[in-house]
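# Summary of the model geometry
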Amino acid sequence: MKNTLKTMLALMLGIMMVFAMTACGGSSDSGDSEAAEGGEGGTLKVVTEATFAPFESTDEEGNIIGFDVDMMNAIAESQGLTIEWVNMEFDSLIPALQSNQGDIICAGMNKLAGDRAEKVDFGDTYFESDLMLLVKSDSDLTGIDAVTSDMKLASQIGTTGGDMVQQMKEEGKIADGVVLNQWTDCYLQLQNGDVQGVIVDKPVGEAYLNAHSDIAKFVGDSFGEHEEFAFAVQKGNTELLDKLNAGLAELKENGTYEELVAKWFS
Ligand code: GLN
């Protein structure tokens, strides 16, 4: 009698375990589909580095604002996507997508630089730019070619400007190439006299000069590779990239893109 009861209990336990595993398998599948759509309930994480005004910066309340924010929010709306913005260091952006910690990069990122396009898939170009040398108002420097080997230049780590100051250091053209996490720190080091120049993207330097023309200036012509800013998605996520490109095309078609350029770059 006891053996029969034990057998029945074992059988019921086994049946319950089979049901439990089947149920888990369903949720993990939906989990996979969520991952494809991006995060919890389909919300896509847009990762950026928010000291790059007017593309992205933070306002007094800590909200991320800027051209990229308005553009990507409008693209998401047009394509029926739900997004949330995540602020992190620039050199963490591509690793974030590679480790599934982010779905979209929108950060004034040059799609042509280095091996970036081997790690993520870039969309259509949404802005073009060049690098400039920013110096203090009283500097005698006339341009990037006038920089001497006793000088120090700063730029942001992981960026085209950051790579350039490190390359100039390696080539002995400058005494040090200072790479910092935030553009605001680069400007501070310039004003403190810790560095003699900052290599920065022209539209971003112009935004800084709009508010600091008394203490800084551009010198010389633009230099380095002509840059094409584009958003990026995880390698192979063609479905999402097609939606973002379609959204950008729609903004250009209906005048929203031009309105945003006028709002942030006038
Ligand atoms: N355009 C530069 C790059 O792609 C800088 C971008 C940035 O600092 N947000 O590296």
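These figures come from a predicted structure and were not determined experimentally. (Residues numbered from 1 in each chain as written. Predicted model: local features only at pLDDT ≥ 70, side-chain atom pairs only at ≥ 80, totals over all residues. Heavy atoms only, no water.)

### Notes on the side chain of D68
For D68, the location among the structural elements is in helix α2 (residues 67–79). At 3.1 Å, the side chain of D68 and the backbone nitrogen of G108 are in polar contact. There is a polar contact of 3.0 Å between the side chain of D68 and the side chain of Y126. D68 has contacts with F55, E56, W85, C106, A107, G108 and Y126, leaving out every residue within four places of it along the chain. (Helix = DSSP H or I, 4+ residues; strand = E, 2+ residues; numbered from the N terminus. Polar contact = N/O pair within 3.5 Å; in protein donor to acceptor, adjacent residues only side chain to side chain. Contact = heavy atoms within 4.5 Å.)

### With respect to the sheet that holds strand β7 (residues 127–136)
With respect to topology, five strands assemble into an open sheet ordered β9-β8-β10-β7-β11, the strand pairing being mixed. What marks the edges here is a single partner per strand, and that holds for β9 (176–180) and β11 (216–229). Neighbour to neighbour, the strand axes of the sheet diverge by 25° on average, direction disregarded. Across two bridges, the pairing between strand β8 (residues 152–156) and strand β10 (residues 197–201) is parallel. Across the sheet, residue A154 finds its bridge partner in β10, namely V198. In this fold helix α5 (residues 160–170) packs onto β7, β8, β9, β10 and β11, with an angle of close to 155° to the strand it touches most, β9. (Pairing = 2+ DSSP bridges. Axes fitted to C-alpha atoms, helices over the stretch in contact; angles between N-to-C directions.)

### Some points on the packing of aromatic side chains
Summed over all chains, the structure comprises 15 aromatic pairs. Taking the centre distance of 5.0 Å and the plane angle of 85° together, the rings of F55 and F127 count as edge-to-face. With F55 in the loop between β1 (43–48) and β2 (57–58) and F127 in strand β7, the pair connects residues that are 72 residues apart, well separated along the chain. For the pair formed by F55 and F127, the shared burial category is buried. Taken together, the aromatic side chains of F52, F55, F67, Y126, F127, W183, F229, F231, Y257 and F265 make up a single cluster linked through ring pairs. Across the ring face of Y257, the terminal group of K252 is positioned such that the distance to the ring centre comes to 5.1 Å. (Phe/Tyr/Trp six-rings, centres within 6.5 Å; stacked < 30°, edge-to-face > 60°. Buried < 20%, exposed > 50% of the residue type's maximum accessible area, 1.4 Å probe, protein only. Lys NZ or Arg CZ within 6 Å of the ring centre and 35° of its normal.)

### Concerning the environment of L190
Mapped onto the elements of the fold, L190 is located in helix α6 (residues 183–191). Separated by 56 residues in the primary sequence, L190 and L134 have C-alpha atoms spaced 8.6 Å apart. Contact partners of L190, with chain neighbours within four places excluded, come to L134, V135, K136, V195, Q196, G197 and V198.

### A look at unusual backbone geometry
Put simply, A53 and P54 share a cis peptide bond, and its omega is 10°. Position of P54 relative to the elements: it lies in the loop between β1 and β2. Even without a glycine there, the phi angle at N100 is positive, about 60°. Relative to the helices and strands, N100 is located in the loop between α3 (93–98) and β5 (104–105).

### Some words on the site of the ligand
Looking at the ligand, there are 14 residues lining it, with N110, R116, Q156, D201 and E227 nearest. In the model, an oxygen atom of the ligand is placed 2.8 Å from a nitrogen or oxygen of the N110 main chain. When isolated, the ligand has an accessible area of 300 Å², and the protein chains bury 100% of it. In this structure, the ligand is accommodated by the largest cavity. Broken down by class, the residue content of the shell around the ligand amounts to six nonpolar, five polar and three charged. (Near = heavy atom within 4 Å. Areas by Shrake-Rupley, 256 points an atom, 1.4 Å probe, with all protein chains shown as cover. 1 Å grid on protein atoms, 1.4 Å probe; cavity = no way out; pocket = protein on both sides within 12 Å on 5 of 7 lines; lining within 4 Å. Sits in = over half its atoms within 2 Å of the grid points. Nonpolar A, V, L, I, M, F, W, Y, C, P; charged D, E, K, R; others polar.)

### Regarding the sheet that holds β5
What the five strands build is an open sheet, ordered β4-β1-β5-β12-β6; its pairing is mixed. With partners counted over all chains shown, the strands left at the sheet margins are β4 (82–87) and β6 (120–122), one partner each. By the bridge criterion, two bridges tie β5 to strand β12 (residues 232–234) in an arrangement that is antiparallel. Counterpart to I105 in the pairing with β12 is A232.

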